[in-house]
Amino acid sequence: MTFEEYVLTRGPALVRLARLLVGDPHRAEDLVQDVLAKAYPRWARISRADQPDLYLRRMLVNARNSWWRRPSNREVASPAVADRARPDATEAAGDRDAMWRLVATLPERQRAVLVLRYYEDLDDQTIAEILGCSPVTVRTHAMRALASLRERVGAAGWVVQEESSHGV
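Keep in mind the model is a prediction, meaning the values are calculated, not measured.

### A look at the overall build of the protein
- Looking only at helices and strands, the protein has 8 helices and 0 strands in total.
- Counting helices and strands in the order they occur from the N terminus, the protein gives α-α-α-α-α-α-α-α.
- Counting over 168 residues, the protein shows a buried share of 38%.
- Long-range pairs, those at least 24 residues apart, make up 60% of the contacts in the protein with a sequence separation of at least 6.
- Total accessible area on the protein stands at roughly 10600 Å², and carbon and sulfur atoms take up 52% of it.

### A word on the pattern of salt bridges
- In total, this model carries 6 salt bridges according to the counting rule given.
- The shortest N-O distance in the salt bridge between arginine 10 and aspartate 53 comes to 3.2 Å. Here the residue arginine 10 occupies a position in helix H1 (residues 3-22), and aspartate 53 occupies one in helix H4 (residues 52-69), the gap between them amounting to 43 residues.
- It is possible to trace a salt-bridge network through shared partners that takes in Arg117, Asp124 and Arg139.

### Things to note about the packing of aromatic side chains
- This structure, assessed with the given rule, holds 3 aromatic pairs.
- Judged by centre distance (5.4 Å) and plane angle (75°), the rings of phenylalanine 3 and tryptophan 43 are edge-to-face. Of the two residues, phenylalanine 3 sits in helix H1 while tryptophan 43 sits in helix H3 (residues 43-48), which places them 40 residues apart along the sequence.
- Tryptophan 43 sits in the buried class, given a relative accessible area of 7%.
- A centroid spacing of 5.0 Å and a plane angle of 45° characterise the contact between tyrosine 6 and tryptophan 43, whose relative ring orientation is tilted. Remark: tryptophan 43 occurs in helix H3 and tyrosine 6 occurs in helix H1; sequence separation between them is 37 residues. Both residues of the pair, tyrosine 6 and tryptophan 43, belong to the buried class.
- Every member of this aromatic cluster is reached through a ring pair, and the members are Phe3, Tyr6, Tyr40 and Trp43.

### Describing helix H7 (residues 124-131)
- For H7, a buried count of 6 out of 8 residues is recorded, marking the element as mostly surrounded by other parts of the structure.
- Along H7, the residues classified as buried are Asp124, Thr126, Ile127, Ala128, Ile130 and Leu131.
- Backbone nitrogen of glutamine 125 and a side-chain oxygen of the N-cap are separated by 3.1 Å at the start of H7; the cap is aspartate 123.
- Following H7 by one or two positions, glycine 132 has its phi on the positive side, about 70°.

Conventions adopted
Residues numbered from 1 in each chain as written. Predicted model: local features only at pLDDT ≥ 70, side-chain atom pairs only at ≥ 80, totals over all residues. Heavy atoms only, no water. Helix = DSSP H or I, 4+ residues; strand = E, 2+ residues; numbered from the N terminus. Buried < 20%, exposed > 50% of the residue type's maximum accessible area, 1.4 Å probe, protein only. Contact = heavy atoms within 4.5 Å. Areas by Shrake-Rupley, 256 points an atom, 1.4 Å probe, with all protein chains shown as cover. Salt bridge = Lys/Arg side-chain N within 4 Å of Asp/Glu carboxyl O. Phe/Tyr/Trp six-rings, centres within 6.5 Å; stacked < 30°, edge-to-face > 60°. Polar contact = N/O pair within 3.5 Å; in protein donor to acceptor, adjacent residues only side chain to side chain.

Written out as structure tokens, the structure reads:
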């Protein structure tokens, strides 16, 4: 598969993943563009690997972490935007938005684990390869993140249901 074919087929999925990792659609597009720019010169080697998706997801997570380490990029997004009206949304959409705002407050590793597990539907072994840690560490991050979310959701007065096999 050529680089252009890969970007056409998998590019939108990378942008969605980046959007969930950084919480800002514009920053996500910039992040994916930077990652793809770095991957292009190495594409022959990357495409020969068994899983170019795995490689590029790892690049994306690492780029997000590198971006966040820069002191100039530690801005905090405001939960309410004053210059535009919030459109009418159903209760479910509002709950989902509130949940993602809570996920955005988690430490970066916990957030990455939840996004890769529940949004990208990856198993612990694959997540461990992407994050460069052991599967046990992935499960620990997931357990701590879910416990933190349950605590915050309970404090907010929402009805907390026990986790099923794979749902947040």
